[in-house]
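Structural description and commentary
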Amino acid sequence: MIWLSIVVISLFALAPSFSLLFCRQKTPFNDDQTILLTAYKKKLRDLEHDVHIGLISTHDHDTLQLEIERCILTTHNNNTPLSIIHNKTPQHATKIAWCGLILTPFAALALYLINGNPELPAQPLTPRLIAQHAQDVQEDTLINTLRHMLMTLPKTDPRLQQGYILLGQAEMARNHYHAAVDAYSHALALGFDPEIAARTAEAITQEHHFVTPKALALFRKALATAPKNAPWYKSVQIRVVQGEHDIVMTGSYSVEDMRQLTIECLKWILTQKEVPATTPETCGNYLLHDLPMCHWECRRYLERLQNDFHSEYSKLEVSLSDGKTFADA
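Calculation notes
- Residues numbered from 1 in each chain as written.
- Predicted model: local features only at pLDDT ≥ 70, side-chain atom pairs only at ≥ 80, totals over all residues.
- Heavy atoms only, no water.
- Helix = DSSP H or I, 4+ residues; strand = E, 2+ residues; numbered from the N terminus.
- Expected span 1.5 Å × (residues − 1).
- Polar contact = N/O pair within 3.5 Å; in protein donor to acceptor, adjacent residues only side chain to side chain.
- Salt bridge = Lys/Arg side-chain N within 4 Å of Asp/Glu carboxyl O.
- Buried < 20%, exposed > 50% of the residue type's maximum accessible area, 1.4 Å probe, protein only.
- pLDDT = per-residue confidence, 0-100.
- Contact = heavy atoms within 4.5 Å.
- Patch = residues over 30% accessible without salt bridge, like charges linked within 9 Å, V, L, I, M, F, W, Y side chains within 5 Å.
- Areas by Shrake-Rupley, 256 points an atom, 1.4 Å probe, with all protein chains shown as cover.
- Core = buried A, V, L, I, M, F, W, Y, C linked by side-chain atoms within 4.5 Å.
- Disulfide = S-S within 2.5 Å.

1. Description of helix H9 (residues 194-208)
Since the α-helix turns once every 3.6 residues, residues separated by three or four places project in the same direction. With 15 residues, H9 ought to run about 21 Å at 1.5 Å a step, and its terminal C-alpha atoms sit 21 Å apart, in line with that. Structurally, the start of H9 carries an N-cap: the backbone nitrogen of glutamate 195 is 3.0 Å from a side-chain oxygen of aspartate 193. Of the residues one or two after H9, histidine 209 is the one with positive phi, at around 70°.

2. Observations concerning the pattern of salt bridges
Overall, the coordinates contain twelve salt bridges when judged by the stated rule. For glutamate 171, the salt bridge goes to arginine 147, with nearest N and O atoms at 2.9 Å. Pair noted here: glutamate 171 is in helix H7 (residues 159-173) and arginine 147 is in helix H6 (residues 125-152), with a separation of 24 residues, a long-range link. On the basis of relative accessible area, glutamate 171 is assigned to the buried category, the value being 3%. Relative accessible area serves as the criterion here: at 29%, arginine 147 is assigned to the partly exposed category.

3. Some points on the confidence of the model for the chain
When pLDDT is averaged along the chain, the result is 80; 82% of the residues meet or exceed 70. Every residue in residues 80-89 scores below 50 in pLDDT, and together they form eleven contacts with partners more than four places removed in sequence or on other chains.

4. Side note on a nonpolar patch on the surface
Taken together, Ile102, Leu103 and Phe106 make up a surface patch of nonpolar side chains, about 330 Å² in accessible area. As for its placement among the helices and strands, isoleucine 102 is situated in helix H5 (residues 91-115).

5. A few points about the nonpolar core
Membership of the largest hydrophobic core comes to 32 residues, with the highest contact counts inside it found for Leu167, Phe219, Trp232 and Val236. Every element with two or more residues in this core is listed here: H6, H7, helix H8 (177-189), H9, helix H10 (213-225) and helix H11 (233-250). Excluding residues that lie within four positions of it along the chain, valine 236 makes contacts with Ala198, Phe219 and Leu223. Among the nonpolar cores identified, the runner-up in size contains six residues, and Ile263, Leu266, Leu302 and Leu305 belong to it.

6. A few points about the state of the cysteines
Scanning all chains against the criterion turns up zero disulfides. Distance from the sulfur of cysteine 265, which forms no disulfide, to the nearest cysteine sulfur (cysteine 298) is 7.6 Å. By relative accessible area, cysteine 265 is classed as partly exposed at 41%. There is no disulfide at cysteine 294, and the cysteine sulfur nearest it, in cysteine 298, is 4.2 Å away. Overall, the relative accessible area of 31% leaves cysteine 294 in the partly exposed class.

Below you can see the structure in the form of structure tokens.
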């Protein structure tokens, strides 16, 4: 059945090319000399009309008529095909095109036989779906058994936290992110661990498709308490950067989030010893950079954010002529 499908698909793919070549072959063409003679006779009729209405003189008419008649006589002795004069496709090129189209499916089949495995049996979709469903049922049974066992363990049992971690990993593997968040949260409630916090934050991020404020807080707490050589440390740093980017771009976070992000940025600027790319080769205005003044401004603004921060101001209400009230800061 698969070979029949390959043949049908090949014919369907090549059908436009076959139709173009077939229509071109069926198009009738006149003899080359007949076409030229017809054109020259039309020119003679045009000359007679032009001299009749006075567009050209009799002398010019006789000269042009002599030239056309000379061309007519030359045509009888000219063996050059019209197809070459007008740069049309020769007959042998059409034959090559037909051969190429016919051989294309066979060449594709030969390529498949060389690099493929035609002896492998077909893989229908229905049996695979049935097998996947049976596997899902088996996994549900095992996970429900594990969940029931965890509910029966006392909270002082040291195996309880590890069991919830195992449950969270199983749910993450099945893309059940909400259930994974619930399992990791239970494990985190039994005792803080930076890796469990990072796993919980990742599950929250996968569930909502972006780094939520809760996930960002867990990522930051995991970084603050985790060793620098932890295998997941770099990936959590990337998530923190992504979350801080979302704070700026989405606007779905609180004023306090923006305040903390700005404070971190200013503290980082104060640790810098030079302004990047301040050389004649890299910046045309390199002499205008002033790092000491930049640090002074950062310290001034940082002190205001940390000790005298205000995010709301009194408003001035103005009554408009239409009866509405406009509030301005």
